[in-house]
Amino acid sequence: ECIQGFMKAVADMNSNEKGLIKSIHGGGGKGTAHLDDPSDPAQVRAAVEKVLVEMNRSDGIYFEQKVNTKGDGRFYQLELEVDGETCAQGGRFVWFNSRLQKVVEIGLHDDLIGMFMPKELYMKSRQWASDIAKKGGNNTRATMEGLVF
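Trainee: I'd like to hear about the layout of surface pockets, residue by residue, with values.
Mentor: Estimated volume of the largest pocket: approximately 880 Å³. If you go around the largest pocket, you meet 36 residues; those closest to its centre are E64, Q77, M144, E145 and G146. Elements supplying a minimum of two residues to the lining of the largest pocket: β1 (19-27), β2 (30-35), β3 (61-65), β4 (75-83), α3 (119-135) and β8 (141-147). No other element matches the 6 residues that β1 contributes to the lining of the largest pocket. Residues that form the lining of the largest pocket fall into these classes: 17 nonpolar, 12 polar and 7 charged.

This is the structure in structure tokens:
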């Protein structure tokens, strides 16, 4: 039932953009599976089952779309904190290896973001984080993560 529900949610996105199936309980490369074609039910099922088996729980699974698929499997992630609906200053820039394990995590100050990504994309990301928190009715501190590549 859980697998079918998640497969339907991915199919309802009506997307063929690459991404990751992830568990909020994962870490160290566990609880994450690559999904090259979200429109392929067999790939979605395999990715969801992999995450469920690794985590041994069915809550907190989500799809994270890849922003850019260039490169050799390594990727970069921007992590922003929100308090309620307000995006906090700064953030974290994280490098992952091809096995989806964190290699480096750097705390960022807004003035230095240009060293890691285009300032315009960073500002849009801050707005998106606030918009998502507002739409979700967030009333606590939360981390918003986005793939940058």
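There is more to say after this.
Trainee: Go over the environment of Q127, please, and point to the residues and values.
Mentor: Structurally, the position occupied by Q127 is in helix α3. Using a relative accessible area of 45% as the deciding quantity, one classes Q127 as partly exposed. Within the structure, Q127 has its side chain in polar contact with the side chain of D131 (distance 2.7 Å).

Trainee: With reference to specific residues and values, describe the sheet that holds β1.
Mentor: Here we have 3 strands laid out as an open sheet, ordered β2-β1-β3, and antiparallel in their pairing. Every interior strand has two partners, whereas the edge strands, β2 and β3, have only one. Going from strand to strand, the sheet's axes swing by 25 degrees on average, the running direction of each strand aside. Here β1 runs beside β3; their pairing, made up of 5 bridges, is antiparallel. By the bridge assignment for β3, L20 is matched with E64. The strands touched by helix α1 (residues 2-12) are β1, β2 and β3; relative to β3, the strand with the most contacts, the crossing angle is about 25 degrees. This element, helix α2 (residues 41-55), spans β1, β2 and β3 of the sheet and lies at about 170 degrees to β2.

What counts, and at which threshold
Residues numbered from 1 in each chain as written. Predicted model: local features only at pLDDT ≥ 70, side-chain atom pairs only at ≥ 80, totals over all residues. Heavy atoms only, no water. 1 Å grid on protein atoms, 1.4 Å probe; cavity = no way out; pocket = protein on both sides within 12 Å on 5 of 7 lines; lining within 4 Å. Points joined across faces, edges and corners; volume = space filled by probe spheres on them. Helix = DSSP H or I, 4+ residues; strand = E, 2+ residues; numbered from the N terminus. Nonpolar A, V, L, I, M, F, W, Y, C, P; charged D, E, K, R; others polar. Buried < 20%, exposed > 50% of the residue type's maximum accessible area, 1.4 Å probe, protein only. Polar contact = N/O pair within 3.5 Å; in protein donor to acceptor, adjacent residues only side chain to side chain. Pairing = 2+ DSSP bridges. Axes fitted to C-alpha atoms, helices over the stretch in contact; angles between N-to-C directions. Contact = heavy atoms within 4.5 Å.

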